[in-house]
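Okay, here's what each chain looks like letter by letter:
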Amino acid sequence: VARVPRYSEWIREAATLYQIPEQLVRAVIRCESDYDPRAVSVSGARGLMQLMPDTATLMQVRDIDDPRENIFGGTRLLRILANEFNGDLELTIAAYNAGDGSVIRFGGIPPFEQTKNYVVAVTKFYRRYRSTPDVVEASAGG
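Residues numbered from 1 in each chain as written. Predicted model: local features only at pLDDT ≥ 70, side-chain atom pairs only at ≥ 80, totals over all residues. Heavy atoms only, no water.

Visitor: Hey, could you run me through helix 5 (residues 67-84) in this one?
Guide: Residues that lie three or four places apart on an α-helix share one face, since the helix turns once every 3.6 residues. With 18 residues, helix 5 should reach 26 Å at 1.5 Å per residue; the first-to-last C-alpha distance of 26 Å fits that figure. Those residues of helix 5 that are buried are in contact with helix 2 (8-18), helix 3 (22-32), helix 4 (53-58), helix 6 (89-98) and helix 7 (100-106). Where helix 5 begins, the capping side chain belongs to D66, and its oxygen is found 3.1 Å from the backbone nitrogen of R68. Trailing helix 5 by a residue or two, N86 shows a phi angle of about 50°, which is positive. (Helix = DSSP H or I, 4+ residues; strand = E, 2+ residues; numbered from the N terminus. Expected span 1.5 Å × (residues − 1). Contact = heavy atoms within 4.5 Å. Polar contact = N/O pair within 3.5 Å; in protein donor to acceptor, adjacent residues only side chain to side chain.)

Visitor: Mind showing me how you'd approach the packing of helix 3 against helix 8 (residues 113-130) here?
Guide: Two packed helices can be described by the angle between their axes and the distance between those axes. Remark: helix 3 packs on helix 8, axes separated minimally by 8 Å, with the N-to-C direction vectors making an angle of 135°. It follows from the interaxial angle that helix 3 and helix 8 lie oblique. The element helix 3 and its partner helix 8 pack so that their crossing is right-handed. Packed against helix 3, whose contacting residues are Q23, L24, R26, A27, V28, R30, C31 and E32, the element helix 8 presents Y118, A121, V122, F125, Y126, Y129 and R130 at the interface. Of the residues in the contact of helix 3 with helix 8, the class split is 10 nonpolar, one polar and four charged. (Axes fitted to C-alpha atoms, helices over the stretch in contact; angles between N-to-C directions. Parallel < 35°, antiparallel > 145°, perpendicular 65-115°, else oblique. Left-handed = near helix turned anticlockwise from the far one by under 90°. Nonpolar A, V, L, I, M, F, W, Y, C, P; charged D, E, K, R; others polar.)

Visitor: Honestly, helix 3 in this entry has me stumped. Any pointers?
Guide: With eight of 11 residues buried, helix 3 lies mostly within the body of the structure. Along helix 3, the positions that sit buried rather than exposed are E22, L24, V25, R26, A27, V28, I29 and R30. Within two residues after helix 3, D34 carries a phi angle of roughly 50°, on the positive side. (Buried < 20%, exposed > 50% of the residue type's maximum accessible area, 1.4 Å probe, protein only.)

Coordinates in, geometry out; function isn't part of it.
Put into structure tokens, the structure is as follows:
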């Protein structure tokens, strides 16, 4: 809970720069790492927004373990995916999880259980955060 407000300024800056709703960035961070900047997945994704090293490089992230750079890289990726999928929230979220190639190949949300669950979870948090006046407080509440 104490970790949540620590990143608020960077989340706001990245959301503003890339024109992605702050609540969506927070929902992705909540589902990806639960605000743990040291999180590492079994597949090698790292940091708050769980960027894969190759993706981080593409997003011009120099230090994947730096929380600020990780937030900006992940938010930039969300912007690119939102553009690619014409702002479709569920396809953008699915592509963040499974890759844009999978979303294109399957013509929608890929039939992977993990990806389907991820889209539901991120969407749930995103809607919760949008309906709460204090998004930082809502993020801390899980």
